[in-house]
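Each chain, letter by letter, is given below.
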Amino acid sequence: MDKIFDSALKSQTVCGAVHFVLFLVSWPTIIGLLQGLHGTDRLTFNCFPKPSEVTKQLCYGDYISTISPLLIPLNFAYIICGILGFSWLFFIFYSVLALRQIKKERESVRKERLSKRFMWRFLFHVCIQLAVLVVMMGLFCSSQTLHLPEVYMCQRGNTTQIPTNQVNMTCNDLHRRQKSRLNIGVVTIMAISIVLSIVSIIHLVLKRKNFLQELLGDQESDIPEEIPLGE
């Protein structure tokens, strides 16, 4: 695990390293907190007047479909963490082999070709993550209630057909504050990650003349002074 972490940092600029550390710390933390709430979710959903257990479950189902009609935040976090994690893992293993090959190569034309290929794949890796984050953030913000309601009214005519004798049943989620904070936390992490991805792309474009030197340090002195991104 330590070798993977070191390899990831060596294959990234400072901004990319910050993004990687943010990924490692934030998403497992968010998932852990969401899992903790998810396990007791139904138990902390209270209604008045007190309904039967079946009616309470029906109302809880309506409540979840109202505040999270697409996916619950935990599933969003799983998907985002899975896609980004695979992207990071794939690029880390690729960069270990690619940078090692660039270091060993002595023929200048081939070294330039290998360096250009690495820069393109670095750019592709960042762009894929940026696209995933933008799409998932759009879906999350459009399908989630960021600030959960203090009171939820169970009404007849919803998808689960609450019994007519309990149409005016009033319910509340005791975890609503924690869930609201976590929803905002998910959006904040995605927003920061998007900014870091954009900064990484800008940095690559502006620093392409010495991009590889920043990654390889003094070990690499004969990389071409400028490596154009185009053919």
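Please read these numbers as outputs of a predicted model, since none were measured by experiment.

Thresholds, definitions, all that
Residues numbered from 1 in each chain as written. Predicted model: local features only at pLDDT ≥ 70, side-chain atom pairs only at ≥ 80, totals over all residues. Heavy atoms only, no water. Helix = DSSP H or I, 4+ residues; strand = E, 2+ residues; numbered from the N terminus. Buried < 20%, exposed > 50% of the residue type's maximum accessible area, 1.4 Å probe, protein only. Areas by Shrake-Rupley, 256 points an atom, 1.4 Å probe, with all protein chains shown as cover. Core = buried A, V, L, I, M, F, W, Y, C linked by side-chain atoms within 4.5 Å. Contact = heavy atoms within 4.5 Å. 1 Å grid on protein atoms, 1.4 Å probe; cavity = no way out; pocket = protein on both sides within 12 Å on 5 of 7 lines; lining within 4 Å. Points joined across faces, edges and corners; volume = space filled by probe spheres on them. Nonpolar A, V, L, I, M, F, W, Y, C, P; charged D, E, K, R; others polar. Salt bridge = Lys/Arg side-chain N within 4 Å of Asp/Glu carboxyl O. Phe/Tyr/Trp six-rings, centres within 6.5 Å; stacked < 30°, edge-to-face > 60°. Pairing = 2+ DSSP bridges. Patch = residues over 30% accessible without salt bridge, like charges linked within 9 Å, V, L, I, M, F, W, Y side chains within 5 Å. Axes fitted to C-alpha atoms, helices over the stretch in contact; angles between N-to-C directions. Disulfide = S-S within 2.5 Å.

Q: Any chance you could explain the overall build of the protein chain here in plain terms?
A: Along its length, the protein chain carries seven helices and three strands. Within the span of the protein chain, comprising 231 residues, buried residues form 44% of the whole. For the protein chain, the exposed surface amounts to about 12,600 Å²; the carbon and sulfur share of it is 63%.

Q: Help me understand the nonpolar core in this model?
A: As a rule of thumb, nonpolar side chains are buried together in soluble globular proteins. Judged by nonpolar contacts, the single largest core of 42 residues is most densely connected at Trp27, Phe118 and Met190. When residues of this core are traced back to their parent elements, those giving at least two are helix H2 (14–38), helix H4 (73–104), helix H5 (108–143), helix H6 (176–206) and helix H7 (211–216). By residue number, the principal contributor to this core is H4, which donates 13 residues. Those residues in contact with Trp27 that lie beyond four places of it in its chain are Leu22, Ala77, Ile80, Cys81, Leu84, Val186, Ile189 and Met190.

Q: When you look at the side chain of Ser193 in this model, what are you seeing that I'm missing?
A: For Ser193, the location among the structural elements is in helix H6. Residues contacting Ser193, with those up to four places away along its chain left out, are His19, Leu22 and Leu133.

Q: Explain empty space enclosed by the protein here, please?
A: Any empty space left between the atoms is revealed when a probe the size of a water molecule rolls over them. In this structure the tally under the stated criterion is one cavity of 30 Å³ or more. The space that makes up the largest cavity amounts to roughly 40 Å³. The wall of the largest cavity is formed by Gln12, Gly16, His19, Trp88, His125, Val126, Gln129, Ser197 and Ser200. Contributing elements (two or more residues each) for the lining of the largest cavity: H2, H5 and H6. A total of three residues in the lining of the largest cavity trace back to one element, the largest contributor, which is H5. Across the lining of the largest cavity, the residue classes tally to two nonpolar, seven polar and no charged.

Q: Can you walk me through the pattern of salt bridges in this structure?
A: Once the charged atoms of two side chains with opposite charge are near each other, the side chains can pair. Scanning the model with the defined rule gives three salt bridges in all. Among the salt bridges present, the one from Asp173 reaches Lys179, with a minimum N-O distance of 2.6 Å. Lys179 matches Asp173 in its accessibility class, with the two residues each being buried.

Q: So what exactly am I meant to see when it comes to the packing of aromatic side chains here?
A: Considering all chains together, one arrives at eleven aromatic pairs under this definition. Their ring planes at 70° and their centres at 5.7 Å tell us that Phe91 and Phe122 sit as a pair that is edge-to-face. Placement of the pair is Phe91 in helix H4 and Phe122 in helix H5, with a sequence separation of 31 residues. Neither residue differs from the other here; Phe91 and Phe122 are each classed as buried. One aromatic cluster in this structure is built from Phe45, Tyr60, Tyr63 and Tyr152.

Q: Quick question: what am I supposed to make of the pairing of strand S3 (residues 169–173) here?
A: In the case of a regular strand, side chains alternate between the two sheet surfaces. Only one face of S3 is covered, namely the one carrying Met169, Cys171 and Asp173; the face carrying Thr170 and Asn172 has none of its residues buried. Pairing analysis gives four bridges linking strand S1 (residues 45–48) to S3, with the strands arranged antiparallel. Residue Asn46 lies in a different strand from S3, and its bridge partner there is Asn172. As judged from the three bridges shared by strand S2 (residues 152–154) and S3, these two strands associate in the antiparallel manner.

Q: So what exactly am I meant to see when it comes to a nonpolar patch on the surface here?
A: Together, Ile198, Ile202, Val205 and Leu206 make up a nonpolar patch on the protein surface, roughly 350 Å² of accessible area in all. Its relative accessible area of 65% is what places Leu206 among the exposed residues.

Q: So what exactly am I meant to see when it comes to the sheet that holds S3 here?
A: Working definition: the strands of a sheet are paired by backbone hydrogen bonds and lie parallel or antiparallel to each other. Taken together, three strands build an open sheet; the order of strands is S1-S3-S2 and the sheet is antiparallel. Bordering the open sheet on either side are S1 and S2, each of which pairs with just one other strand. On average, each strand axis in the sheet is tilted by 30° relative to the strand beside it, whichever way the strands run.

Q: What is the right way to read the state of the cysteines from this model?
A: Should the sulfur atoms of two cysteines be covalently bonded, the bond is a disulfide. A complete count under the given rule lists two disulfides for this structure. Put simply, Cys47 and Cys171 are joined by a disulfide, and their sulfur atoms are 2.0 Å apart. Its torsion about the S-S bond being 105°, the disulfide of Cys47 and Cys171 is classed as right-handed. Here Cys47, found in strand S1, pairs with Cys171, found in strand S3; they are 124 residues apart in sequence, far enough to count as distant. Residue classification places Cys47 among the buried positions, given a relative accessible area of 12%. There is a disulfide in this structure between Cys59 and Cys154, and the S-S distance comes to 1.3 Å. Between Cys59 and Cys154 the disulfide shows an S-S torsion of about 70°. By sign, it is right-handed. In this pair, Cys59 sits in helix H3 (residues 53–67) while Cys154 sits in strand S2, placing the two residues 95 residues apart along the sequence. Here Cys59 falls in the buried class, since its relative accessible area comes to 0%. Under the relative-accessibility criterion, Cys154 is labelled buried at 0%. Cysteine pairing in the protein chain follows 1-4, 2-3, where each cysteine in a disulfide is numbered by its order in the sequence.

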